[in-house]
Amino acid sequence: MSSARRTETIPEWKKEEVDELVEFIDSFASVGVVGVAGIPSRQLQLMRRELHGSADLRMSRNTLVVRALEEVDDGVEQLVGDVSGQVALVGTNDNPFGLYKQLEASKTPAPINAGEVAPNDIVIPEGDTGVDPGPFVGELQTVGAAARIQEGSIQVTEDSTVLEEGEVVSDDLANVLTELGIEPKEVGLDLKSVYSEGVLFEPEELAIDVEEYQADIESAAAAARNLSVNANYPTARTAGTLLAKASGEAKSVALHAEIESPDVVPDLIGKADAQLRALAAQIDDEEALPEELQGVDAQAATADADADEEEQADEGSDAEETPEDAADADADEDDGDDGDAGDGLGAMFG
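Okay, so let's go over this structure. (Residues numbered from 1 in each chain as written. Predicted model: local features only at pLDDT ≥ 70, side-chain atom pairs only at ≥ 80, totals over all residues. Heavy atoms only, no water.)

## Overview of the sheet that holds strand E3 (residues 87-92)
To keep it simple, the criterion reads: When DSSP finds two or more bridges between two strands, those strands count as paired. Comment: elements are numbered from the N terminus, with helices defined as DSSP H or I runs of at least four residues and strands as E runs of at least two. With axes taken as lines fitted to C-alpha atoms, and helix axes fitted only over the stretch in contact, angles between N-to-C directions fall between 0 and 180 degrees. We call two residues contacting when some pair of their heavy atoms lies within 4.5 Å.
Strands sit in the order E2-E3-E1-E11-E12 across an open sheet of five strands; the sheet is antiparallel. Of all strands in the sheet, those bounded by a partner on one side alone are strand E2 (55-58) and strand E12 (199-201). Between one strand and the next, the sheet's axes are offset by a mean angle of 20°, whatever the strand orientation. Pairing geometry for strand E11 (residues 190-196) and E12, over three bridges, is antiparallel. Within E12, the position partnered with Tyr 195 by the bridge is Leu 200. Where helix H2 (residues 12-26) meets the sheet, its contacts fall on strand E1 (30-35), E2 and E3, and the angle it forms with E2 comes to roughly 160°.

Structure (structure tokens):
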């Protein structure tokens, strides 16, 4: 008799439920497990409506969820370890970063009940409680708040940590927090893990600063571009800069070697003219000079000649960049590309 009970077939409704869960898992690019404990039914329905169009929730018995995950296999069975307590499956075709950001944004402050575990340190802030003098001051002091009657009301004289993270909320503390309107916890879908494109993501891996991450990528790209230029390693992004650098260096060599190339003849003439004026300025007898060179200021002429020399030398090194120069060049030359990259990052992280 007992043997017959042990071999009893699985009810049809359970098979159908598992089949539906498998279909749910297979229909999304990213599937995760979220905690739903402590969320009132009405608020849960509101969250579902807010997720509509970007993600979907599916609740079922944990044993059936586990069976469906194991049946799908293909890596998604790694979520099984998080299927405990009050949980639900969440599916989305968005990337995990966007899903995490959306779930975090949907959380709202809520009061904490006696017997619950504090999710973080609970602090009663300094200030006027707005409560008239009475027994409430004793209740505050009982839970560990620095309180006293002052200026006709009950005031907390300094920020008071009345419970540390991980400790259990007492009845007295729950009543005090309710009286003060302090809501120390957040209610929302708590993402435990999400599986996407062969990778299992934990919440801490998805909680990133998008702006900082984008700045790091841009800085790395600028440094790589600068390294490529200084190492003379041509790429599609640096070939133009390397050609400009080579052209400047070739021109500098031609000027110093006084090679009469059509590209440098105007500069050679300018250099010779500056040197001639500097020399003419050193001659005391102006009548010995051509009319156009008479009255040339020695200091100005020498400065002009030096400036020409420096300009010619600089032309050979203009293409060398610091990482900051490379970043500026990227911004100037590739505004359109940078916009696309920014849009891509924005899409990735929601």
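## Considerations on a negative patch on the surface
Quick reminder of the rule: To count toward a patch, a residue needs a relative accessible area over 30% and no salt bridge; like charges are then connected within 9 Å, while nonpolar side chains (Val, Leu, Ile, Met, Phe, Trp, Tyr) are connected within 5 Å. To be clear on the numbers: accessible area is Shrake-Rupley with a 1.4 Å probe, and residue cover counts the displayed protein chains and nothing else. Salt bridges are counted wherever a side-chain nitrogen of Lys or Arg sits within 4 Å of a carboxyl oxygen of Asp or Glu. In this tally Asp and Glu are treated as negative and Lys and Arg as positive; neither His nor the chain ends contributes. All charge positions are set by atom: Lys at NZ, Arg at CZ, Asp at CG, Glu at CD. Whether a residue is buried, partly exposed or exposed follows from its accessible area with a 1.4 Å probe, protein chains only, as a fraction of its type maximum: under 20%, in between, or over 50%, in that order.
Residues Glu 12, Glu 16, Asp 19, Glu 23, Asp 26, Glu 70, Glu 71, Asp 73 and Asp 74 make up a contiguous surface patch of negative charge. Looking at the negative patch, the elements with two or more residues in it are H2 and helix H4 (62-72). With five residues, the top contributor of residues to the negative patch is H2. Tracing the backbone shows Glu 16 in helix H2. Take Glu 16: its relative accessible area is 42%, and that puts it in the partly exposed class.

## Details of the pairing of strand E7 (residues 147-150)
For E7 and strand E8 (residues 153-156), the ladder comprises four bridges, and the chain directions are antiparallel. From the neighbouring strand, Arg 148 faces E8, where its bridge partner is Gln 155.

## A short note on the sheet that holds E7
Ordered by their spatial adjacency, three strands build an open sheet running E6-E8-E7, and the pairing between neighbours is antiparallel. Bordering the open sheet on either side are strand E6 (127-128) and E7, each of which pairs with just one other strand. One ladder, built from two bridges, connects E6 with E8; its direction is antiparallel. Each residue of the ladder has a partner; that of Gly 127, found in E8, is Val 156.

## Here we look at the side chain of Ser 196
For the record, the criterion: For the purposes of these results, a polar contact is taken to be a pair of N or O atoms within 3.5 Å, where, inside protein, one atom must be able to donate a hydrogen and its partner to accept one; residues adjacent in sequence count only when each atom of the pair is a side-chain atom.
Mapped onto the secondary structure, Ser 196 falls in strand E11. We classify Ser 196 as buried; its relative accessible area is 6%. In terms of polar contacts, Ser 196 uses its side chain to reach the side chain of Ser 30, at 2.8 Å. Setting aside residues no more than four positions away along its own chain, Ser 196 makes contact with Ala 29, Ser 30, Pro 96 and Phe 201.

## Some points on unusual backbone geometry
Peptide bonds are trans in most cases, and residues, glycine excluded, mostly fall at negative phi. At Glu 197, a position not held by glycine, the phi torsion is positive, near 50°. Among the structural elements, Glu 197 can be located in the loop between E11 and E12. Classification of Glu 197 as exposed rests on a relative accessible area of 74%. A positive phi angle, close to 55°, is found at Glu 258, a residue other than glycine. Mapped onto the secondary structure, Glu 258 falls in the loop between helix H10 (239-257) and helix H11 (265-280). Judged by its relative accessible area of 51%, Glu 258 is exposed.

No statement about biological role is implied by the geometric values presented.
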